[in-house]
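Listed here are the chains, written in short residue letters.
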Amino acid sequence: MNRRARIAVFAVAAAGLAALLVASVVDLPAFGHYQGAYGNQLNREAVAERHTTNVVTATVFDYRGFDTLGEEFILFAAVVGVTLLLRRHKDSEDHQEVLRKADDDRVRSDAIRIVGLLAMPALFLLGLWLVAFGLVTPGGGFQGGVLLAGSLFVVFLAAGFRPYAHLTPAHWADSAEGSGAAAFTLLGLGPLLAGAAYLHNFLGSGVRGTLESGGSMTLLNWATAVEVTAAMVLLFSEFLESYVLPSVRPLQ
Amino acid sequence: MSYLPYIVAAWLFVVGLYGIVTSRNLIHLAVCLTVTQSSTYVLLLAIGYKHRATAPIFYGVPVGSRAVDPVVQALTLTDVVVSVTVVALILALTVDIHRDAKTVDPDEIEAFRG
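Since the structure is predicted, the reported quantities are computational estimates derived from the model, not experimental observations. (Residues numbered from 1 in each chain as written. Chains lettered and ligands numbered in written order. Predicted model: local features only at pLDDT ≥ 70, side-chain atom pairs only at ≥ 80, totals over all residues. Heavy atoms only, no water.)

Draft legend 1. Just the overall build of chain B, in detail. Regarding its fold elements, chain B presents 3 helices and 0 strands. For chain B, the N- to C-terminal ordering of α and β elements is α-α-α. Its C-alpha atoms give chain B a radius of gyration of 19 Å, more than 25% over the compact-globule value 13 Å for 114 residues. The buried share of chain B, reckoned over its 114 residues, is 44%. A separation threshold of at least 6 residues defines the contact pool for chain B, and within that pool the share at least 24 residues apart is 51%. Carbon and sulfur atoms form 69% of the exposed surface of chain B, whose accessible area is close to 5,600 Å². Looking at chain B, you have 7 positive and 8 negative side-chain charges, and the mean spots of the two groups are 14 Å apart. (Helix = DSSP H or I, 4+ residues; strand = E, 2+ residues; numbered from the N terminus. Rg over C-alpha atoms; globule rule 2.2 N^0.38 Å. Buried < 20%, exposed > 50% of the residue type's maximum accessible area, 1.4 Å probe, protein only. Contact = heavy atoms within 4.5 Å. Areas by Shrake-Rupley, 256 points an atom, 1.4 Å probe, with all protein chains shown as cover. Lys, Arg positive; Asp, Glu negative; His and termini not counted. Charge placed at Lys NZ, Arg CZ, Asp CG, Glu CD.)

What follows is the structure, encoded as C-alpha cells:
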C-alpha cells in the first residue's frame, strides 16, 4: 500500500475512532466527580486492614498484587529481549575485555565531575528512602528502583563509561534482575503451598505509619525495587556498550 | 470544560496513532507509540480525580478524608515503568533492523512490505 492510500485509510479510521471515543467519554462522570466504589472502599479500609498509610502501594502489592506480578513479568521479558538482541553481536561476554576495548570517554570537566560526585550519593539515598518508606509515604519499589538506577547513570554522565561499568558488572545486574522477579513469584507461591491464598500476607500487618507496617508487602516492595533497578541498569548498559565498543557499534 | 481531560486523552491517542502511521523513522515510531500509551495514563488519572481531595496517602491525614482513587494511580505508576522497558525493546529491535537493512525508514524495509 502506498503512503497516500495508507494515510487516506487512516484518516477514515481515525475519524471514526475519534467519534467513538468522544461519544464514550461524554457519558463518563464529569471530571472531578469520581464515583468508583472500589477505590473509595480501599481508601476507607486499607489503612485499618493492612496498616499501610500509602494506599497506592497497598493496592500495587496487596489488593492488586497478582496484577503487579504480570507487570513484573512484562518488564522482565522486555529486558531479557533487549539483552538477547544486543548481546548477539558482541565479540565477547568477558567484562574485562569490554572494559579494555571501550573508547576513552573520561569526563575531564571538573565542574561536571564535582556536580556528579554530589548528586550521585544524594540521588541514591533518596532512592533508598523512596523504597524503604514506600508503604508509609509517597514512594515504593517501582519509583525508588528507577531513581536508584538513575543515580548509577550519573556515574556515567559525570565520570565516563569505565567507572560506570566497574560499578555495575553485567553478571550482578543479570542475577539481580532474575532474583527480583523470582523473589516476587516465590513470595506469592510460599503462602499458596502453606494452604493460604497467593501473595497472602504471612508476616502480619505491623505497626501503622512506621517501617514495620505492611508485613510481607515490604518484601515484595524490595523485590520489586531490586528488579526495577537491575532492569534499568541492564537496559542502559546494553545500549551503552553498543555505543562505546568499536566492534559492535551499530548506528554510524 | 469538565470533559477536557478525557478529550485530551482521546486526542493523544489519535495523534500518536497518526504519528505511527505516517512515520518515516522507527525511532520516531517508538516515540509515537509512547504518546499513544500516555493517553491511557491521562484517561486513568482523570477518571480517578476528585475535586477538593488529597492523595490516597493517609500519613498525617485522618482516614476518611476525601482522597482520589488509588487503583488508577497504582495502574499508572506500574505501567509508566514497564512501558519504558517495552520502548527499550522496540529500540533494540530498531538497532538490529538497522544492522541488516541499513535503514530505519519502515517504507524502505523489504520485510515490512504488506
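Draft legend 2. Spotlight on the pattern of salt bridges. In the structure shown here, the tally under the stated rule is 9 salt bridges over all chains. Across the salt bridge formed by E238(A) and R87(A), the nearest N and O atoms sit 2.8 Å from each other. One end of the pair, E238(A), is in helix α10 (residues 216-244); the other, R87(A), is in helix α4 (residues 65-87), with 151 residues separating them in the sequence. In terms of burial, E238(A) and R87(A) fall into one category: buried. With a shortest N-O distance of 2.4 Å, D96(B) and R88(A) are connected by a salt bridge. Placement of D96(B) in helix α3 (residues 70-101) and of R88(A) in the loop between α4 and α5 (95-101) is noted, with the two residues assigned to different chains. If you follow the salt bridges from partner to partner, you end up with R3(A), R6(A) and D107(B) in one network. (Salt bridge = Lys/Arg side-chain N within 4 Å of Asp/Glu carboxyl O.)

Draft legend 3. Broad picture of helix α1 (residues 3-25) of chain A. Compared with the 33 Å implied by 1.5 Å per residue over 23 residues, the 32 Å span of α1(A) between its first and last C-alpha is a close match. Buried-residue contacts for α1(A) involve α1 (4-22) of chain B. Taking the backbone nitrogen of R4(A) as reference, a side-chain oxygen 3.1 Å away marks N2(A) as the first, capping residue of α1(A). (Expected span 1.5 Å × (residues − 1). Polar contact = N/O pair within 3.5 Å; in protein donor to acceptor, adjacent residues only side chain to side chain.)

Draft legend 4. Just the packing of aromatic side chains, in detail. Residues and elements named next belong to chain A. The full count for this structure, using the stated rule, is 12 aromatic pairs over all chains. Here the aromatic rings of F66 and Y198 are separated by 5.6 Å at their centres, their planes lie at 85°, and the arrangement is edge-to-face. With F66 in helix α4 and Y198 in the loop between α9 (170-193) and α10, this residue pair connects regions lying 132 residues apart in the sequence. Geometrically, the ring pair formed by F153 and Y164 is tilted, given 6.5 Å between the ring centres and 55° between the ring planes. Of this pair, F153 sits in helix α7 (residues 141-159) while Y164 sits in helix α8 (residues 161-167), and the two are 11 residues apart along the sequence. (Phe/Tyr/Trp six-rings, centres within 6.5 Å; stacked < 30°, edge-to-face > 60°.)

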